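Per-entry structural report
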Amino acid sequence: MSQLLILAAEKENPLVPPIPELVIGLIAFVIVFGFLAWKLLPNINKVLEQRREAIEGGIEKAEAAQTEAQSVLEQYKAQLAEARHEAARLRQEAQEQGAALIAEMRAEGQRQREEIVAAGHTQIEADRKAASAALRQDVGKLATELAGKLVGESLDDHARQSRVIDRFLDELDEKAEAAR
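This part is about the overall build of the chain. From N to C terminus, the chain includes three helices and zero strands. Of the roughly 16300 Å² of accessible surface on the chain, 63% is carried by carbon and sulfur atoms.

This is how it looks when you write it as structure tokens:
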């Protein structure tokens, strides 16, 4: 085994670089890393900070927008409730006005009906009186003619004839009223 190690030591291992290359590579790495840390790292940190602020600002804006939206929603709900209340009040007023109008129209109809009935009664009474007067005249003429035919002579004295007929008809009216 010792021979194997000696053989391996004499040959160069391809995985292990030579020391001078390793030192030069390490120095170059430190220079490149130092340059990047000095130049690029502040820019990267600045961009990352700006992104973080933008994200935090976006979150704050979103929260503010959500708060404002909630406020607007509450205002909308309040206005909607007020509008519903106002609509209910207007509906109630309209129903009350409708009921009052119906009552007023009924009262007016009742008054007009009573006026028409009173006018009808007045007209009937006037017609009854006119018919009674016309009937008295006709009955008087017929009674006079009949009496004249029974007596056999003409009863042309109008004043007497009128008094007799009126007295007779008044007696009939009194009897009719007494019978009621």
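Having seen the model, we can carry on.
Tallied over the entire structure, the rule returns two aromatic pairs. Measuring from ring centre to ring centre gives 6.0 Å for Phe-29 and Phe-33, while their planes differ by 20°; the resulting arrangement is stacked. Here Phe-29 pairs with Phe-33, and both are found in helix α2 (residues 19-151), just four residues apart, close to one helical turn. For Phe-29, a relative accessible area of 53% puts it in the exposed group. Look at Phe-33 and you get exposed, because its relative accessible area is 54%. The cationic tip of Lys-39 hangs over the ring face of Trp-38; the distance from NZ or CZ to the ring centre is 5.3 Å.

Let's shift gears to the pattern of salt bridges. A full pass over the atoms with the stated rule returns seven salt bridges. For Glu-49, the salt bridge goes to Arg-52, with nearest N and O atoms at 2.1 Å. Of this pair, Glu-49 and Arg-52 both sit in helix α2, three residues apart, which is roughly one turn of the helix. Relative accessible area serves as the criterion here: at 38%, Arg-52 is assigned to the partly exposed category.

This next bit is on the confidence of the model for the chain. The predicted model of the chain has a mean per-residue pLDDT of 83, with 83% of residues at 70 or higher. Here helix α1 (residues 2-10) is the element of the chain with the lowest mean pLDDT, 56, and α2 is the one with the highest, 88.

What follows is about a nonpolar patch on the surface. Side chains of Val-32, Phe-35, Leu-36, Trp-38, Leu-40, Leu-41, Ile-44 and Leu-48 sit close together on the surface and give an oily, nonpolar patch of about 790 Å² of accessible area. Among the secondary structure elements, Phe-35 is positioned in helix α2.

About the criteria used
Position labels on residues start from 1 in each chain and follow its written sequence. Residue-level local features of this predicted model are given only where pLDDT is at least 70; pairs of side-chain atoms are given and counted only at 80 or more, and the full residue set underlies all totals for whole chains, interfaces and linings. Think of the side-chain values as coming from all heavy atoms in the structure, minus any hydrogens and water. Secondary structure follows DSSP: runs of H or I at least 4 residues long count as helices, runs of E at least 2 residues long count as strands, and numbering of each begins at the N terminus. Only the protein chains shown count as cover for residues, and the accessible areas themselves come from Shrake-Rupley with a 1.4 Å probe. Think of it this way: a Phe, Tyr or Trp ring, Trp meaning its six-membered ring, pairs with another when their centres are within 6.5 Å, and the plane angle makes it stacked under 30 degrees, edge-to-face over 60, tilted otherwise. For every residue, the accessible area obtained with a 1.4 Å probe (protein chains only) is divided by the maximum for its type, and the residue is called buried under 20%, exposed over 50%, and partly exposed between those limits. Counting as a charge over the ring demands two things of the Lys NZ or Arg CZ atom: a distance within 6 Å of the ring centre and an angle within 35 degrees of the ring normal. Criterion for a salt bridge: a side-chain nitrogen of Lys or Arg within 4 Å of a carboxyl oxygen of Asp or Glu. Each residue carries a pLDDT score, the predictor's confidence in it, ranging from 0 to 100. Distance thresholds for patches are 9 Å for like charges and 5 Å for nonpolar side chains (Val, Leu, Ile, Met, Phe, Trp, Tyr), applied to residues having over 30% relative accessible area and no salt bridge.

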